[in-house]
Structure formats: C-alpha cells, structure tokens
Amino acid sequence: MNFTTITTTQRGLDGLIASDIARKIFSGQLTPGTVLPAEVDLCEQLGVSRTALREALKLVSSKGLLESRPKTGTRVRARSDWNILDVQLLEWLSGMEGTLEMYQQFLEFRRVIEPHATRLAAMNATREQCIALSQTWEEMCRIARDFDAEKWVDADTRFHRIIFMSSGNCFYQPFGNVLTTVFKWFISHSSKEGGMCLDDHERIYKAIMAGDAEGAYQASLGMMDASKHRL
C-alpha cells in the first residue's frame, strides 16, 4: 500500500495525515492486521516530517484504528476495536463509500435504537419539533416528485435527526447529531437507484403527529428491512 504525498504546510497537517490513514483503513485498503510501512518510509511517501507523522499516528490510534508495539511496528486493529461513533472519526469518513458489511451493521444498529426513539418522539415531540418534522416531510414529498439524490439525502437525514432530537431522552438525543454523517452515508447508498421508502416515512410521520407511540414504533421497525435499502 503506497501513500500519496500530502502537499501542504498548513497547520493541522497531522489531522490531514490521520484522515488519510483512517479513510484507507475504513475503505478496506488497509485491512485489520496490516502493518504500516516503517516510519522513515511512510514519511517519505507522505512527504511529511516525523513529528507530524507521529502526531497523526497517535491521533488515529486514539480512535482505536491502530496499535503500535515494539519490534512488530504499527498495525491496523480489528474492527471491533474501532471507536466508530467518535465525532472526529466520522468527520474524516464524510463523503466516503462504505462497505456492504458496514451498511448492514449500521442498519442492525438502527433497528435496535431508532424504533424506540421514534416511539418516544410520538410521546414527547414539542410543537416546534412537530413543525420542523412537518416541513421536512413536505420537502421530502416535493423531492420525491422530481427526484434529486443530493437533496433527498439531506432531507431524509434531517427527518431522522429530528426524530432523535424529539425523543426527549438525553441519551438518545446525541445520536441525532453524532449519526448525521453516517445517516448521510447510509441514505446515499440506499437511494442511489431512487429508493426512498416514502410510504414508511409517511407512516412514521403520521404516527408521530398523531401521538401514536406504538404505531410510530412499528412503522420505524418496518423501515429497517434490509431489502428496502439495497442490501
């Protein structure tokens, strides 16, 4: 695996190097167990100083992606060790294509938490949150009539973020922010061929507006069928 020279001297160089390494790991170019090139070789490939490289490796290691050991060097850790919900890591991965395995695992994760958040949203959404959800739903309907993938991803992501924020639960609400990047990444994959699950979104929307907690839960659960998401 060769690394591309990073042609910048701006502050935050270690962050750029860290992002490059993290994206290579996440995309599968660097698989778990892979040993990175020796420090001197990696510095030469990237065109950076040892200081910048060491800070970058330290940063990536703090996200659970790398581990360094005497004599064996720096290697990629198993996926189970990755701090995948780390905000900075998610920012680094913004705009990337994920693997099918990662899409499936994210859907499984959503299936556990999102129906419950949707149930709570039906019970606890404020007037302002209901208005925001209604406006987003209307926007989704307009986009669906004249489909635009980029606009759909933004609106659909906002729809689900509002649900988490409307739960009224301080442990669910952070997911509305932290998962924004992953939702965009997942929804972009799901909607590539025009898949929108519009009927499922409508059932969720109507149940929340009606304060129907059980209906909201079941509607959200129904959306989590893998066959509806190009999986």
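What comes next concerns the included structure.

What counts and what doesn't
Residues numbered from 1 in each chain as written. Predicted model: local features only at pLDDT ≥ 70, side-chain atom pairs only at ≥ 80, totals over all residues. Heavy atoms only, no water. Helix = DSSP H or I, 4+ residues; strand = E, 2+ residues; numbered from the N terminus. Contact = heavy atoms within 4.5 Å. Buried < 20%, exposed > 50% of the residue type's maximum accessible area, 1.4 Å probe, protein only. Expected span 1.5 Å × (residues − 1). Polar contact = N/O pair within 3.5 Å; in protein donor to acceptor, adjacent residues only side chain to side chain. Arc of directions from axis to C-beta. Phe/Tyr/Trp six-rings, centres within 6.5 Å; stacked < 30°, edge-to-face > 60°. Lys NZ or Arg CZ within 6 Å of the ring centre and 35° of its normal.

**Details of the overall build of the protein**
Then, in step 1: The helix and strand inventory of the protein stands at 11 helices and 2 strands.
Then, in step 2: Within the protein, contacts between residues separated by at least 24 positions form 71% of all contacts whose residues are at least 6 apart in sequence.

**Topic: the side chain of Thr-118**
Then, in step 1: Inspection of the secondary structure puts Thr-118 in helix H5 (residues 100–124).
Then, in step 2: The exposure class assigned to Thr-118 is buried, which follows from its relative accessible area of 0%.

**Re helix H7 (residues 149–165)**
Then, in step 1: When the terminal C-alpha atoms of H7 are compared, their 24 Å separation across 17 residues agrees well with the 24 Å that a helix rising 1.5 Å per residue should span.
Then, in step 2: Buried within H7 are the following residues: Trp-152, Val-153, Ala-155, Asp-156, Thr-157, Phe-159, His-160, Ile-162, Ile-163 and Phe-164.
Then, in step 3: If you check the start of H7, you find a side-chain oxygen 3.1 Å away from the backbone N of Glu-150, and it comes from Asp-148.

**Observations regarding helix H11 (residues 213–223)**
Then, in step 1: All of the buried residues along H11 are Ala-213, Ala-216, Tyr-217, Ala-219, Ser-220 and Met-223. Angularly, the buried residues of H11 cover 165° about the axis, an arc narrow enough to put them on a single face.
Then, in step 2: The inward-facing, buried residues of H11 abut H5, H7 and helix H10 (198–210).

**So, the packing of aromatic side chains**
Then, in step 1: Taken as a whole, this structure holds 4 aromatic pairs when the rule is applied.
Then, in step 2: With a centroid separation of 5.6 Å and an interplanar angle of 20°, the aromatic rings of Trp-137 and Tyr-205 are classed as stacked. A residue pair is termed long-range when its members are at least 10 positions apart, and Trp-137 in helix H6 (residues 127–145) and Tyr-205 in helix H10 qualify at 68 residues.
Then, in step 3: Taking the relative accessible area as the measure of exposure, Trp-137 reaches 9% and is therefore buried.
Then, in step 4: A connected cluster of aromatic rings, assembled from ring pairs, spans Phe-109, Phe-164 and Phe-175.
Then, in step 5: Positioned above the aromatic ring of Tyr-217 is the side chain of Arg-119, whose terminal nitrogen or guanidinium carbon lies 4.4 Å from the ring centre.

Function cannot be inferred from these measures alone, as they are strictly geometric.
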